[in-house]
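# Close look at the chain arrangement
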4 protein chains.
Amino acid sequence: MTTTTTQIKQGKTGIFDRIESQVRSYSRSFPKLFGKAKGATIYGHDGREYIDFLAGCSSLNYGHNDPDMQAALIDYVTSDGIAHGLDMFTEAKEGFLLAYERLILRPRNMDYKLMFTGPTGANAVEAALKLARKVTGRTNVIAFTNGFHGMTLGALAATGNAGKREGGGTPLNGVHRAPFEGYFGPEVDTADMLEQMLDDPSGGVDAPAAILVEPVQGEGGLNAASGAWLKKIEKIAKKHGALFILDDIQAGCGRTGTFFSFEEFGLDPDIITQAKSLSGMGLPFALTLIKPEHDIWKPAEHNGTFRGNNHAFVTARVALEKFWSDDSFSKSIAKKSAHLETRLGAIAERYGFSLRGRGMMQGIDTQDGDTAGDICAKCFEKGLIIETSGGHDEVVKVLCPLTIDMDLFDKGLDIIEDAFEAILAKDSPRVAAE
Amino acid sequence: MTTTTTQIKQGKTGIFDRIESQVRSYSRSFPKLFGKAKGATIYGHDGREYIDFLAGCSSLNYGHNDPDMQAALIDYVTSDGIAHGLDMFTEAKEGFLLAYERLILRPRNMDYKLMFTGPTGANAVEAALKLARKVTGRTNVIAFTNGFHGMTLGALAATGNAGKREGGGTPLNGVHRAPFEGYFGPEVDTADMLEQMLDDPSGGVDAPAAILVEPVQGEGGLNAASGAWLKKIEKIAKKHGALFILDDIQAGCGRTGTFFSFEEFGLDPDIITQAKSLSGMGLPFALTLIKPEHDIWKPAEHNGTFRGNNHAFVTARVALEKFWSDDSFSKSIAKKSAHLETRLGAIAERYGFSLRGRGMMQGIDTQDGDTAGDICAKCFEKGLIIETSGGHDEVVKVLCPLTIDMDLFDKGLDIIEDAFEAILAKDSPRVAAE
Amino acid sequence: MTTTTTQIKQGKTGIFDRIESQVRSYSRSFPKLFGKAKGATIYGHDGREYIDFLAGCSSLNYGHNDPDMQAALIDYVTSDGIAHGLDMFTEAKEGFLLAYERLILRPRNMDYKLMFTGPTGANAVEAALKLARKVTGRTNVIAFTNGFHGMTLGALAATGNAGKREGGGTPLNGVHRAPFEGYFGPEVDTADMLEQMLDDPSGGVDAPAAILVEPVQGEGGLNAASGAWLKKIEKIAKKHGALFILDDIQAGCGRTGTFFSFEEFGLDPDIITQAKSLSGMGLPFALTLIKPEHDIWKPAEHNGTFRGNNHAFVTARVALEKFWSDDSFSKSIAKKSAHLETRLGAIAERYGFSLRGRGMMQGIDTQDGDTAGDICAKCFEKGLIIETSGGHDEVVKVLCPLTIDMDLFDKGLDIIEDAFEAILAKDSPRVAAE
Amino acid sequence: MTTTTTQIKQGKTGIFDRIESQVRSYSRSFPKLFGKAKGATIYGHDGREYIDFLAGCSSLNYGHNDPDMQAALIDYVTSDGIAHGLDMFTEAKEGFLLAYERLILRPRNMDYKLMFTGPTGANAVEAALKLARKVTGRTNVIAFTNGFHGMTLGALAATGNAGKREGGGTPLNGVHRAPFEGYFGPEVDTADMLEQMLDDPSGGVDAPAAILVEPVQGEGGLNAASGAWLKKIEKIAKKHGALFILDDIQAGCGRTGTFFSFEEFGLDPDIITQAKSLSGMGLPFALTLIKPEHDIWKPAEHNGTFRGNNHAFVTARVALEKFWSDDSFSKSIAKKSAHLETRLGAIAERYGFSLRGRGMMQGIDTQDGDTAGDICAKCFEKGLIIETSGGHDEVVKVLCPLTIDMDLFDKGLDIIEDAFEAILAKDSPRVAAE
């Protein structure tokens, strides 16, 4: 921490130490004052370049300051476009809805109502859980080990992380915790286990309002559920009268190669939550998609001041139009994902580690939080911003912009490779050569 | 509703009806497609002008698209300033913190840590309640009749409105409801009542983690607490080891004439929540101010993706510098507040109604939700956007930009006056003349 | 405590200190080993006589070992009558039900179903609250300051005493605490306050499943509600769709002069709970009376092993037949109550204290727990068993058997009078003469 | 049910239908008016004899009306022994404590404090859970599939049965449900699973205050945990700072052959709950045994009126002296258990069913609730009282008095054998011959 303080002070001032709450998080891993950012590069206040393999935790799938989004936003602000209009009808909102209908819903034959919640993923999850309880008249929610859904009391109850849960300061109720796919090893089918407990009239798990699951657990260790398992979970939900909620906040918006992370699985969720990269440019924006038959909200029953972030409507529309009008973006992600898998796979194999995740959210499970932390710290020294994931922070997680060019991508991967060597095999020739 | 649909369809499309969730709220009162906005004026897509006496529910205290904020934001975007940086150190954040320290904290001799929560008021309240419970090791929170604190499960439990509470779908626990000042009439001291119950070892109200109160209840009917009552509540909190939390989300940022709504009362809250107008321009942004001795968060214990809305940092800094560098803005608000009180007072007197609120958040209690609703609808016909407040939506509430020029202010007030006449005294000469 | 130990050890053994949990309660006030008991007299193991002005906290309204109940029980046991039969049909149960119908329900034109709960008052209250929630589909329950309803989690949530509540070890939810009659002084109508909060859609008190109230708060300080106030509370309950539950566990079975403590008030409760003196002889026994239209339990939905205490059925039947076949018992209670009021009134007046309670549950509010405790300790020295009541244990409470003969009654009252003198006026002639 | 009514009406009266709540349970399976009972025989009001293979759900392990207990009780009542003395020191209580110390604790080298809770098993469990939460400062409790712990809100939360849980009328919180031993088949170690989830900082199961488990699940289908599994659970509890609570209410007092059901396993529970047969004669009585270091209750912190059922103290003392002074009773139970296993085993084998349970709580899992119900109904026709167990009521459960003589035991088992034949093999010769 003293290092942090000193570095920043040298950079400019001690204001962060003076008046920012110690709850701050990422600035501890990256003790640097940043200024500008473009594409996959972030610039320190001193001009030093950092490759961004964190991408706002998947909020910057299209990179920093996409020029088309920038232009649209500047044009909008310049022309006095409404910035804040509560949830009133605005042209910016209309433009987003039309694009979302045309480019996302219709091509996928999806029929959903869009609920603009408060502009955080947590709020989208809270809205989803409230609605599921309202629709079913039940209160119990099934959530999974390593699940991550937000910090507000309803979402936090569904989140698995003990450190976050303790912050609640009060018992977190209303959630039954079930093991995610593969939690007890590859040969144990945790969906069957959940079904058995729910089928059993003396199983002690109350009939659920919802089963809430992330297709890929981004914070919980890059655990990627299979389509077969998710399909089973969906069936269990429907069999037991529960709503099937997919939390696609971190894995969506192209991160796994398609707009929704579960498109290839043939699922039919009752509710989908979105946030992070939805605005295209990293602006606060969240969405809860609801099957029309479940849209039983009374007007204003879940309201909030910032449900209409019009700047985000503008940039989100550009993002949809630019990246989702045809399948070229998906194809490029697939290509990069394969490349990522190859390169990470090689590193993992060298050290006997295993790969985790799917698409452009893959990582290496180092089995140990300190190791993974040291590797990420080493990467940062070398100009790469990258973070860990998992209950023990044991996974080195690659979450770079999907738009990154191949050279920079490889440069970042080279840094990771070197950092693994530096930390795990200090006497290897390449490191010695440095 | 059919009218709404038709109007909007004529305007452009039926997209809102097709795919927006029916939870939408304000668009029902103002069935119009809006495009641009400047100062206190909002423009319909067809160019029609509306005077804005709602101001994003106090999120636009400085008006729409303040030119200095616009310029700063455009400059920031143009120069590839970081839009999204999680909670990393950025120059935009540093600029905001420095300005907040220099212009807000120091001149008021306030010593607080700033916690950037998810960018919604609800999230700021959730963080405040979580921290109070963590600090005290208790779970019970005292909140008040007509209190409004947000829609996520923790904040919703503290909110009084039954319609909102029912949306929770699950029992809302952890809050004891106490009557706000004046709830049982002017002669009943509700602070004494609360104290008696807390003092009583058999009173049945558990020792509280916090007492959470709005200095002016913006949604709950413009109930303005007196300094004396708030001081008593603060003393009760300290006496019983509870944190005293002021929710200044709607009443803060100049709405009552000073940056914090309670400055003149000599209070010393343990936690203060801010949001709404904090960004200056209506961008999502929220803050929880914490006395340093209570800042016991563990790193990342309450995290979230959009805690660093850098665009908001930029505009918020400009807002502080432009409006809070000296007392001229406060003075102008005081002047306008007096004018508002005079004009609303005259209308209220004419119909035997009473005034509610304080500063630039005043309204007329019509005693009846239908009456107030009809008056607001009539205002909208005449080009004024204005809403109701209160448990029965019985208060016609004026929440215009604080920067409104006097002519437009009076024009809006004229519309209100006319609307009262139109609804309550249809045969009066002036209305007949129209 | 050392005294306690020593005394008992001298009496016989140290077994209580060795292996009884320190949670024990009354044995601390009365550190004596007791053996037999008859009528209103308890005998120490050494033969010393104590007048019983505690009567098992109103569980021994008919005195210890009533000879008719003894005879019936001995006869029943001798003849191999079923002691334990779960909730099967037994002749003992049939006998009780027939007597209850003939002697209690029919003469009072009451139409209730009898639910035999686990044989504790807490269990009767738990059953009442569960049923009210089931009937209404709501979860919130209104309970009052100083209310006492039991120690199990559901009943404890409704109990006001902080010391008891802390024993729960977990937040106690589902109850809104309202002030009992007179809580804020005689001129404040707390029923009106409750009504205002419930009527108010923004009052923040959820629509209740039940309003739970004791006609006389036995543990909470002998607060006797007036008929007018209870009638108001009943109306509020019905107006708001809540069940009106009277907890008559301590005040019932003749304690106030009639079988139910509220008979004179013309109330029509949805549910009534009974326990304590119901068995007649102090055996564990409890009952929840339910309006037939609310008896929507599914078979066995609230079960329990000891719901059919057949010994209690036998003695309870005798109690009904012996004491409630005509109005002579009621008349004698009324006479004694008047006598009690006169004598206690005289003492209270002498010291400027006020009387509390109603019927044969009256006491003197000494305003101070230490004083009341000293008085009770002094009484015990002089051979009288008596306890305090109230949030601060400030009330000296007379709860003697209703069957006590007048001589013994006066002897006990003399001891109280002397104890007041001894503690409060040590230099008075009478005490000096001793 | 009409049959029930008619039968009972013919027997005597329709009083049960008229005024008993429909929540009644066992009287539905055994629609008969009973009068007397002795040993293992219950007599109908008409003198018909029934063999009792239910024994008050294990509350009558020593049979009905044991002559020595009868004599002691009659003597006690005749001599005006205190029936109800709150929790004061009485000679009856002293006698029980001395016997418990001498005959139960000392021979087993057990060091526990005895807490007399309200006289129901549920109350003993509530006290255990409250204390565990108080001791640990945590709120989460681990309970198991098919667990049964009582109907009051705290105990009900730990109970698995859906039908009972729905009776709560409110969400039941504070319990994480884990699979009991063998729940997922013999090859899946559910203790390991629990450990993995608790070890995992992102497992989402909060650090528990207690792990609560029945050594044999009496209501949940006669699932007998192995010593090895219980030992593992104990280790997990200690490793995670949780109290290990054994609920021995149904399996204790000799039912499995020893006074505690887990004696042979070498366990060291922090808390043990007892009730059912503890009084010896079926009188309401319950006990929570607490390791001295956990006995941190404040005086009266968990109180209750009937904590001192002195009649039960008397009979319980006799039971201890008569049956637990040497090992002859244990040996006779072992012999009968072997006989039971042989005979039930033969029946089970004939129909391809499996045996469940341990000691004198064994049954046959018919895999189907209707079948088991039909068999029990057939038994009742033939003069045997027997009930089902399990989540689907699929197990025919033998719970006869442990003191039953071998002839009557075999007579009852013959009836069971015949009933299986009658229901499952109607055309078999033996049945045809009837």
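Check the entry above for the structure.
Note that this is a predicted model, so its numbers are computed, not measured. (Residues numbered from 1 in each chain as written. Chains lettered and ligands numbered in written order. Predicted model: local features only at pLDDT ≥ 70, side-chain atom pairs only at ≥ 80, totals over all residues. Heavy atoms only, no water.)

### Some points on unusual backbone geometry
For residues besides glycine, phi is generally negative; the peptide bonds are generally trans as well. Residue and element names in this part refer to chain A. Of note in this structure, Ser 58 is not a glycine but carries a positive phi near 80°. Here Ser 58 lies in helix α4 (residues 55-58). Residue classification places Ser 58 among the buried residues on the basis of a relative accessible area of 1%. Residues other than glycine seldom take positive phi values, yet Asp 80 does so here, at roughly 60°. Secondary-structure assignment places Asp 80 in the loop between α5 (67-78) and α6 (91-105). (Helix = DSSP H or I, 4+ residues; strand = E, 2+ residues; numbered from the N terminus. Buried < 20%, exposed > 50% of the residue type's maximum accessible area, 1.4 Å probe, protein only.)

### Regarding the sheet that holds strand β7 (residues 210-213) of chain C
All names here are of chain C. Taking strand neighbours across the sheet as the criterion, the 7 strands line up as β4-β12-β11-β10-β7-β5-β6 in an open arrangement whose pairing is mixed. Because the sheet does not close on itself, it has two edges, and the strands there are β4 (113-115) and β6 (175-178). Taking each pair of neighbouring strands and ignoring which way they run, the sheet shows an average axis angle of 20°. As paired strands, β7 and strand β10 (residues 243-247) are joined by 4 bridges and run parallel to one another. Across the sheet, Ala 210 pairs through a bridge with Leu 243, a residue of β10. The strands touched by helix α11 (residues 227-239) are β5 (141-144), β7 and β10; relative to β10, the strand with the most contacts, the crossing angle is about 145°. (Pairing = 2+ DSSP bridges. Axes fitted to C-alpha atoms, helices over the stretch in contact; angles between N-to-C directions. Contact = heavy atoms within 4.5 Å.)

### What to know about the side chain of Asn161(A)
Tracing the backbone through its elements, the reader meets Asn161(A) in the loop between α8 (153-158) and α9 (162-166). Contacts of Asn161(A), omitting those with residues within four sequence positions, involve Gly147(A), Pro201(D) and Ser202(D).

### Thoughts on the pattern of salt bridges
Inspection of every chain in the model, using the stated rule, returns 124 salt bridges over all chains. For the salt bridge of Asp206(B) with Arg165(C), the shortest nitrogen-to-oxygen distance reads 2.6 Å. In this pair, Asp206(B) sits in the loop between α10 (190-199) and β7 (208-213) while Arg165(C) sits in helix α9 (residues 162-166), so the two residues belong to two different chains. Judged by its relative accessible area of 27%, Asp206(B) falls in the partly exposed class. Of the residues examined, Arg165(C) reaches a relative accessible area of 7% and is grouped as buried. Across the salt bridge formed by Lys378(C) and Glu381(C), the nearest N and O atoms sit 3.6 Å from each other. Here Lys378(C) and its partner Glu381(C) are both found in helix α14 (residues 369-381), 3 residues apart, which amounts to about one turn of the helix. A relative accessible area of 52% places Glu381(C) in the exposed class. Each of Arg343(A), Arg350(A), Asp410(A), Asp414(A), Glu417(A) and Glu421(A) takes part in a single network of salt bridges with overlapping partners. (Salt bridge = Lys/Arg side-chain N within 4 Å of Asp/Glu carboxyl O.)

### So, the side chain of Gln274(B)
Residues and elements named next belong to chain B. Among the structural elements, Gln 274 can be located in strand β11 (residues 271-274). Classification of Gln 274 by relative accessible area gives buried; the value is 1%. With residues near it in sequence (within four places) discarded, Gln 274 still touches Tyr 100, Ala 124, Ile 249, Cys 253, Phe 259, Phe 260, Phe 285, Ala 286, Leu 287 and Leu 289.

### Things to note about the relation of the copies chain D and chain C
The pair of chain copies shares a relation made of a rotation about an axis and a shift along it. Note on the identical chains: chain D maps onto chain C by a rotation of 180° and an axial translation of 0.0 Å, with an RMSD of 0.0 Å. The operation mapping one copy onto its partner corresponds to a two-fold rotation axis. In this assembly, 100% of the residues forming the interface of chain D have copies in chain C that are likewise at the interface, indicating an isologous arrangement. (Least-squares fit on C-alpha atoms with pLDDT ≥ 70 in both.)

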